[in-house]
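Summary of the model geometry
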Amino acid sequence: MIGIDEALDAVLAEVRPLGAERVPLLEALGRACAADVLSPEAVPGFANSAMDGFALRGEDLAEGRREFAVVAEIPAGRPSARHLFAGEAAKIMTGAPLPPGADTVVPVELTVALEAGVLVADPPAPGSNVRLAGEDLAPGDRLLGPGDRVGPAEIGLLASVGVETLPVARRPRVAILATGSELVAPGQPLAPGQIRNSNSFTAYAQVLEAGGDPILLGIARDDAAETRRLLAAALEQDVVLTSGGVSVGEFDFVKQVQDDLGVERRFWGVKTKPGKPLAFGVRKGTLVFGVPGNPVASMVSFELYIRPALLALQGRLDLYRPYVTAAAAEPVKAAKERAELRRCRLAREGGGWRFTTTGPQGSGILRSMALAQGLAIVPGRHPGGPAGQELTVQLLEGSAEDRPPYPA
Ligand code: AMP
Ligand code: MG
């Protein structure tokens, strides 16, 4: 069996980034930019006031002049053509264009109103409180590049220079198939021995969050023919995610069916708990993941391998979750052969982090995942020990370019 790094490398080695498409700016949220985007406009587009106050010539202040005649009033959005000469000021609002001749704004707080003008009580340095044309961005400045995630700030930045559409990576289409004769969809009554299909729901949500386009193919009973029929349909997509039926049980047909359909296996089995019987292969460029059926194993497998693959398909560079080093708030239980990914919460302590596991850690206990903020990584054969032991904790949110240090 291989370790996490080796499995992740094997997955990423099969990724061929998907093509691009152009979408309206607001639809680009959460997606990966697919090209260099250069600013078509300067920001600010014109010299303007950073304060409510009085625009005037800095030269006048430098010469010691303190009283000015107010000859114009300039609200935002209404340029004034009136040139300012020595001794003249214009009342100006934040964001309003500086009038010709002026190069300085005196904030209103530093002035005293006079009968027919204004007194500068506390003169600022000439040139103060003015935002110069092009001081933030010049035309041609690079705003985004291939692989950059488009978040709210990027959307705003692009809007601020008049960009209306954006080239983004196509969303990977991910077919999701649950396997198991015991599974029923929510809304259906539970017969004795049946359980609800939750994996399809968590997978759907995880795919969406990773920028993918999830396609639910329902539930395949533990029957080779039915599994084959549904998996064959799934292979049309960019990525296939089946859950369950990939272990060594009598009714675990997924691997056999993958073989029958020409999926070239890259590995089966990773030295982790949960997530051991993960099967990964490829067929004509489609990435085929068979994740174990236990709900936590299914989610953790997604976090470790499928999420990075979906981001890589979109050309993203920040494929991994951020991680921290954290001290255990409780004694650490020993691990056997396999590395363990224990669900935990994090809190600040002193200058660092402290983690607390989220109760019982069985791979069927989805609540341990719902409560978690991170996965504490316990290397295989870790002897355990008292509280205070430090471990790497991989977060369950955010993205980073550096992979956490996984144990061999
Ligand atoms: P398997 O990997 O098929 O042996 O399944 C392992 C465990 O996970 C069994 O207890 C299954 O009932 C459960 N399981 C499998 N698929 C799902 C699913 N889609 N939703 C919830 N539990 C599941
Ligand atoms: Mg099963």
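Residues numbered from 1 in each chain as written. Chains lettered and ligands numbered in written order. Predicted model: local features only at pLDDT ≥ 70, side-chain atom pairs only at ≥ 80, totals over all residues. Heavy atoms only, no water.

Section: the overall build of the chain
What the chain contains, in helices and strands, is eight helices and 26 strands. Against the 2.2 N^0.38 benchmark of 22 Å for 408 residues, the chain shows a C-alpha radius of gyration of 30 Å, more extended than a compact globule. Each of the three principal axes of the chain carries a C-alpha extent, and together these read 95 × 50 × 40 Å. When the 408 residues of the chain are sorted by exposure, 48% land in the buried category. If you average the places of the 41 positive and of the 48 negative side-chain charges in the chain, the two averages end up 9 Å apart. (Helix = DSSP H or I, 4+ residues; strand = E, 2+ residues; numbered from the N terminus. Rg over C-alpha atoms; globule rule 2.2 N^0.38 Å. Buried < 20%, exposed > 50% of the residue type's maximum accessible area, 1.4 Å probe, protein only. Lys, Arg positive; Asp, Glu negative; His and termini not counted. Charge placed at Lys NZ, Arg CZ, Asp CG, Glu CD.)

Observations concerning the layout of surface pockets
Counted as a void, the largest pocket has a volume near 780 Å³. Only β13 (173–179), β15 (195–196), α7 (295–313), β23 (339–349) and β24 (352–357) provide two or more residues apiece to the lining of the largest pocket. Counting residues per element, the lining of the largest pocket draws most heavily on β23, which supplies four residues. Among the residues forming the lining of the largest pocket, the class breakdown is 18 nonpolar, 17 polar and twelve charged. Within this model, the second largest pocket holds a volume of roughly 650 Å³. As for the second largest pocket, its lining consists of 29 residues, of which Glu209, Arg307, Arg321, Leu396 and Glu397 are closest to the centre. Where the lining of the second largest pocket is concerned, the elements lending two or more residues are α4 (199–209), α7 and α8 (367–370). (1 Å grid on protein atoms, 1.4 Å probe; cavity = no way out; pocket = protein on both sides within 12 Å on 5 of 7 lines; lining within 4 Å. Points joined across faces, edges and corners; volume = space filled by probe spheres on them. Nonpolar A, V, L, I, M, F, W, Y, C, P; charged D, E, K, R; others polar.)

A short note on the site of ligand 1
Around ligand 1 there are 15 residues in total, and Glu182, Asn197, Ser198, Gly245 and Gly293 lie nearest to it. At 2.5 Å from an oxygen atom of ligand 1 is found a side-chain nitrogen or oxygen belonging to Glu182. Ser198 has a polar backbone atom sitting 3.0 Å from a nitrogen atom of ligand 1. When the free accessible area of ligand 1 is taken as 490 Å², the share hidden by the protein chains comes to 76%. The cavity where ligand 1 resides is the largest pocket. Of all the elements in the fold, those that place two or more residues in the shell around ligand 1 are β13 and β15. (Near = heavy atom within 4 Å. Polar contact = N/O pair within 3.5 Å; in protein donor to acceptor, adjacent residues only side chain to side chain. Areas by Shrake-Rupley, 256 points an atom, 1.4 Å probe, with all protein chains shown as cover. Sits in = over half its atoms within 2 Å of the grid points.)

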